[in-house]
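Coordinate analysis (summary)
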Amino acid sequence: MLNIEKNMWKLSSVLITISILATMFSVSVSAEITSPGDDYTITSVISDVDFESGEINPADFLSYAYSTKGGYGISVVTDPDTGSKVMKNVITSETITYNGAPVTISQGTWQINYPSKNLKDEDIKGHLIFEFDYKVEDFNYNIRAMYVGSATVGKDIYCVGPTIDSGTGKILKIGGGNTGKTMSKNQWYKFKFDFDVAENTVDFYVDDELLQENHALSPDFDGFTYFNLPRCMGITTGKTSTTYIDNCKLYTVTTKYDVSVSKDDNGEISDDLNNFPLSGGSLKFEFSEKMCDITKEMFTFTASGVNKPFDFNYNAEDKTVIITPSEPFRGREECKVSFDGILTEAGGENKGENFVEFNVTPPDYGIKDVNLPTLTAGEDATVQVTVNNRTATDRSEMVLVGIYNGNKLLSVGASSVTNLLGEEKTFDVTLSVHPDYVEQECNIRVYLVKPGTLYGYDSVKY
């Protein structure tokens, strides 16, 4: 008996088979494709097909072959378990004599090529995901759950398998070997194939259970043309197979990238971005994946809500960006560096937030610490303020401590402060607490100012 798969094309003149080639590129859209997980980005949906319309749309497929003899082939029915409309495929076979030899031919839809367009024209990056829901009524034939054709011209380079074993329903690995999982009759399963385009490998899942990992495709495999939906193999005369399929999906995902940020404080490297130096500091962004071009326009730098200029350096080979403020800080600014539109070469997004926030160190002449006692309405309190002088001159200034309700000043205390250069010193400020003071409604503000002009060197708020 001749092998039906190898000779199907030669026997097309005697088979009662029609090949329909879809010329439209539109697809029927089913339920939204769910996120593949927090670590991945869906970059494109190539096809998403269900059968809720009650019809099979030829434009959803690149091609398929079928026979209508005896009522076999594909149709749309309502599944009794899910209530959804699904594609049913009934296939049988008969033996005929061809050139004096017995040949087994199929009756029913033996081949469905998916999706509606040839994938060799697609720019596929990252991971290509092929998935579908599948149910088998009987295991009279071996079932090849998937194969994919290579884009290689003039070569038959396929990823073939996995196979569902006739009689037992055992699921065999791509290339052979038992997965340890067996299908039951009349039960839905979700088949999923994850092709890593860069690594030329495939992972195989059933119901999100990983059954085969990093299966290497042929080294001659150089791209995708189409997928073949599950097809019966080893067809035997007198036996019938009935299968069901739904929710065929083909889409691309890519790994999201991580970005780590460190502070360079005049040569001292730290992951703690706070206490950023007044001058001479920079931020280094390190990206985990190969990135698309990164430009200065993708970044913004604000200090206390005001846009600030910065120098920008991008090293594509090291996958790093260095941001250096162009102007020195006064001290205590609340800073934020944001970025937008940065993607990996395969279109992956950032896993985390697209910004970092940090504060600037206190000024060289400023308030280092405030010891604030418990305040009681109508009573006096002593507030201790530590002032640090890192400048090159002696300083004689003033500390003010105010109690505010919103922006309304309720009471204030003051003290003169004298610091020698390089000196850190603590001063006592006597504060008469206003009778209307309520802790939950008020805030305390401490200022280091120049006497007479009240020019502010530094301030903190509690």
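Quick caveat, the model's predicted, so the values are computed rather than measured.

What to know about the confidence of the model for the chain
- The predicted model of the chain has a mean per-residue pLDDT of 83, with 84% of residues at 70 or higher.
- Segment residues 1-31 is flagged for pLDDT under 50; beyond a separation of four residues in sequence, or across chains, it makes 68 contacts in the model.

Comments concerning the pattern of salt bridges
- A complete count under the given rule lists 12 salt bridges for this structure.
- The salt bridge involving Arg332 is made with Asp458; its shortest N-O contact spans 2.7 Å. On the criterion of sequence distance, the pair formed by Arg332 in the loop between β27 (320-325) and β28 (334-339) and Asp458 in strand β36 (residues 456-461) is long-range, its members being 126 residues apart.
- Owing to a relative accessible area of 25%, Arg332 belongs among the partly exposed residues under this scheme.

Remarks on the sheet that holds strand β25 (residues 306-307)
- Taking strand neighbours across the sheet as the criterion, the 4 strands line up as β25-β24-β28-β29 in an open arrangement whose pairing is antiparallel. Each edge of the open sheet carries a strand with a single partner, namely β25 and β29 (355-359).
- Direction of pairing for strand β24 (residues 299-303) relative to β28: antiparallel, over a ladder of 5 bridges. Bridge pairing links Phe301 to Val337 in β28.

Here we look at the environment of Phe312
- Looking at the secondary structure, you find Phe312 in strand β26 (residues 310-315).
- The class for Phe312 is partly exposed, based on a relative accessible area of 24%.
- Residues in contact with Phe312, not counting those within four places in the same chain, are Ile294, Thr295, Lys296, Phe299, Val321, Ile322 and Ile323.

What about the packing of aromatic side chains?
- Tallying each qualifying case throughout the model produces 27 aromatic pairs.
- Judged by centre distance (5.6 Å) and plane angle (65°), the rings of Tyr257 and Phe287 are edge-to-face. Pair noted here: Tyr257 is in the loop between β20 (241-255) and β21 (259-265) and Phe287 is in strand β23 (residues 281-287), with a separation of 30 residues, a long-range link.
- Given the relative accessible area of 1%, Tyr257 is considered buried.
- Phe287 gets classed as buried once you look at its relative accessible area, which sits at 5%.
- Measuring from centroid to centroid gives 6.2 Å for Phe301 and Phe358, while their planes differ by 70°, and the two rings are edge-to-face. Here Phe358 lies in strand β29 and Phe301 lies in strand β24, a separation of 57 residues in the sequence.
- Residue class for Phe301 comes out buried when judged on its relative accessible area of 3%.
- A cation over an aromatic ring shows up here: Lys135 above the ring of Tyr244, its NZ or CZ 4.9 Å from the ring centre.
- Here Arg445 stacks its cationic end above the ring of Tyr404, 4.0 Å away from the centre of that ring.

Comments concerning the sheet that holds β23
- Ordered in space as β22-β21-β23-β27-β26, the 5 strands form an open sheet in which the pairing is antiparallel. Two strands bound the open sheet, and with one partner strand each, they are β22 (268-270) and β26. For this sheet the average axis-to-axis angle between neighbouring strands, irrespective of direction, equals 20°.
- Here 3 bridges tie β21 to β22, and the two strands are oriented antiparallel to one another.

Remarks on the environment of Asn389
- Turning to its location among the elements, Asn389 is positioned in strand β31 (residues 380-389).
- Look at Asn389 and you get buried, because its relative accessible area is 0%.
- It is 9.5 Å that separates the C-alpha atoms of Asn389 and Lys368, two residues lying 21 residues apart in sequence.
- Setting aside its immediate chain neighbours within four residues, Asn389 contacts Asp364, Tyr365, Asp394, Arg395, Asn419, Leu420, Leu421, Gly422 and Glu423.

What to know about empty space enclosed by the protein
- Taken as a whole, this structure holds 3 cavities of 30 Å³ or more when the rule is applied.
- Taken as a whole, the second largest cavity encloses approximately 70 Å³ of empty space.
- Among the secondary structure elements, those contributing two or more residues to the lining of the second largest cavity are β5 (85-98) and β20.
- Split by residue class, the lining of the second largest cavity holds 7 nonpolar, 2 polar and no charged.

Conventions and cut-offs
- Residues numbered from 1 in each chain as written.
- Predicted model: local features only at pLDDT ≥ 70, side-chain atom pairs only at ≥ 80, totals over all residues.
- Heavy atoms only, no water.
- pLDDT = per-residue confidence, 0-100.
- Contact = heavy atoms within 4.5 Å.
- Salt bridge = Lys/Arg side-chain N within 4 Å of Asp/Glu carboxyl O.
- Helix = DSSP H or I, 4+ residues; strand = E, 2+ residues; numbered from the N terminus.
- Buried < 20%, exposed > 50% of the residue type's maximum accessible area, 1.4 Å probe, protein only.
- Pairing = 2+ DSSP bridges.
- Phe/Tyr/Trp six-rings, centres within 6.5 Å; stacked < 30°, edge-to-face > 60°.
- Lys NZ or Arg CZ within 6 Å of the ring centre and 35° of its normal.
- Axes fitted to C-alpha atoms, helices over the stretch in contact; angles between N-to-C directions.
- 1 Å grid on protein atoms, 1.4 Å probe; cavity = no way out; pocket = protein on both sides within 12 Å on 5 of 7 lines; lining within 4 Å.
- Points joined across faces, edges and corners; volume = space filled by probe spheres on them.
- Nonpolar A, V, L, I, M, F, W, Y, C, P; charged D, E, K, R; others polar.

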